[in-house]
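Here is how the chains run, residue by residue.
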Amino acid sequence: MDIRQLRYFIAVAEHLNFTEAAKHLFVAQSAVSQQIADLENKIEVKLFDRNKRSVKLTHAGGVLLKEAIDIVSRAEEAVIKTQEAELGIIGSLKIGFLGYTEKNFLPFLIRGFRRNYQNIDLQLDQYNHGILIDSLSTGELDIGFTLSFGLDNIGGLEKRSLFTEPISIVMHCDHPLAHQSSINLGDLAQERFIALNRHESPQGFNQTLLICANKGFSPNIVSGPKLLHTVLLLVDAEMGIAILPKSLEHHASPSLRFIDIEGEAVQHELVVAWKTSNQNPSIPLFLKELDAMNMKGQDDFLKIT
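Note that this is a predicted model, so its numbers are computed, not measured. (Residues numbered from 1 in each chain as written. Predicted model: local features only at pLDDT ≥ 70, side-chain atom pairs only at ≥ 80, totals over all residues. Heavy atoms only, no water.)

**With respect to the nonpolar core**
Put simply, the rule is: Note on terminology: a nonpolar core comprises buried Ala, Val, Leu, Ile, Met, Phe, Trp, Tyr and Cys residues joined through side-chain atoms within 4.5 Å. The cut-offs for exposure are 20% and 50% of the maximum accessible area for each residue type, with area from a 1.4 Å probe on protein chains only; residues under the lower value are buried, those over the upper are exposed, and the others partly exposed. Segmentation of the chain into domains, including their bounds, is taken from an automatic or database domain assignment. Contact definition: two residues touch when any of their heavy atoms are within 4.5 Å.
In this structure, Ile143, Phe145 and Phe286 are the most contacted members of the largest nonpolar core, which totals 50 residues. Counting residues domain by domain, this core receives three or more from each of domain 2 (89-162 + 268-295) and domain 3 (164-267). Apart from residues no more than four positions distant in its own chain, Ile143 is found in contact with Lys94, Ile95, Gly96, Leu136, Val272, Ala273, Trp274, Ile283, Phe286 and Leu287. With 20 residues, the next largest nonpolar core counts Phe9, Val12, Ile36 and Leu65 among its residues.

The following block contains the structure:
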């Protein structure tokens, strides 16, 4: 017994006429008669009482009809789901993010994606910069919203730029320079610095070193906490100053000041990144949704960040 025979059987049972069933199936009547006969021989059960004037389902045929409809329906559903899985319409997507800049657009993006792709399971979590990059590289994550700094030195990752934001000097409001609108970074060579832990966020740590090196000094890093919120807390406790994205100002204590760096603009570039060899078919769908959101309101998309 195969799916084709069950389809032929259902057609005859619904029409109670071999000629009409054949028309419905777009095959010759002889083909329908042959398949029904083969089916009855295989299961050794008579399915129809038929003569020259009429065709009727037997009791056994009625039982098979109910089961056949269910089997064919489930087989067709299985094919559709398999095809959708190949296209990425059914599946899962693991997304990592840093947790500060993305808050202005990521919820909107996720809502739109879930409306359009209801059968893709989204799993989202916040990561430190370094762990996020490692998780992308190992395939633990499919998509990552992260900073571009250092990504070009890591093989196997692709990225797409979303926007840039300024980097600020962060200090407590009681710091002697906290009243200034901008500061020459070279004037801070003797300051104590707080930076994210080098093992947790090597790219972020190295960027702090590079920014200071470009101003002619090596920062005196006195503490390297694992979390950004801890960096902000330690600066608020006047244990040192930090170099951080300006968008963190929205998450910071009112007693902290985010001050522009004088001279050439120092900026973070936020990117969406993924592993080149990751074959998850839902990734292109997510990137397409991101592009669509950007195209629909690119000015607003950039403005809110």
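**Quick look at the pairing of strand β6 (residues 157-172)**
Heads up, the condition is: Strands were regarded as paired on the criterion that DSSP finds at least two bridges between them. Numbering goes from the N terminus for both helices and strands, where a helix is a DSSP run of H or I of at least four residues and a strand is a run of E of at least two.
In terms of strand pairing, β6 meets strand β12 (residues 267-275) through nine bridges, oriented antiparallel. Across the sheet, Leu157 pairs through a bridge with Lys275, a residue of β12. Two elements, β6 and strand β11 (residues 256-261), share five bridges in a ladder whose sense is antiparallel. Looking at β11, one finds that Ile169 is bridged to Ile259.

**Digging into the domain arrangement of the protein**
Taken domain by domain, the protein consists of domain 1 (3-85), domain 2 (89-162 + 268-295) and domain 3 (164-267). For domain 1 and domain 3, the distance between their C-alpha centroids amounts to 74 Å.

**Let's talk about the pattern of salt bridges**
So the rule is basically this: Throughout this description, the term salt bridge denotes a Lys or Arg side-chain nitrogen within 4 Å of a carboxyl oxygen of Asp or Glu.
Tallied over the full model, the rule gives eight salt bridges. With a shortest N-O distance of 3.8 Å, Glu20 and Lys23 are connected by a salt bridge. A residue pair is termed a helical-turn pair when its members lie 3 or 4 positions apart in one helix, as Glu20 and Lys23 do in helix α2 (residues 18-25) at three residues. Using a relative accessible area of 54% as the deciding quantity, one classes Lys23 as exposed. When the shortest N-O distance is used, the salt bridge between Lys159 and Asp152 registers 2.7 Å. For Lys159, a relative accessible area of 36% gives the class partly exposed.

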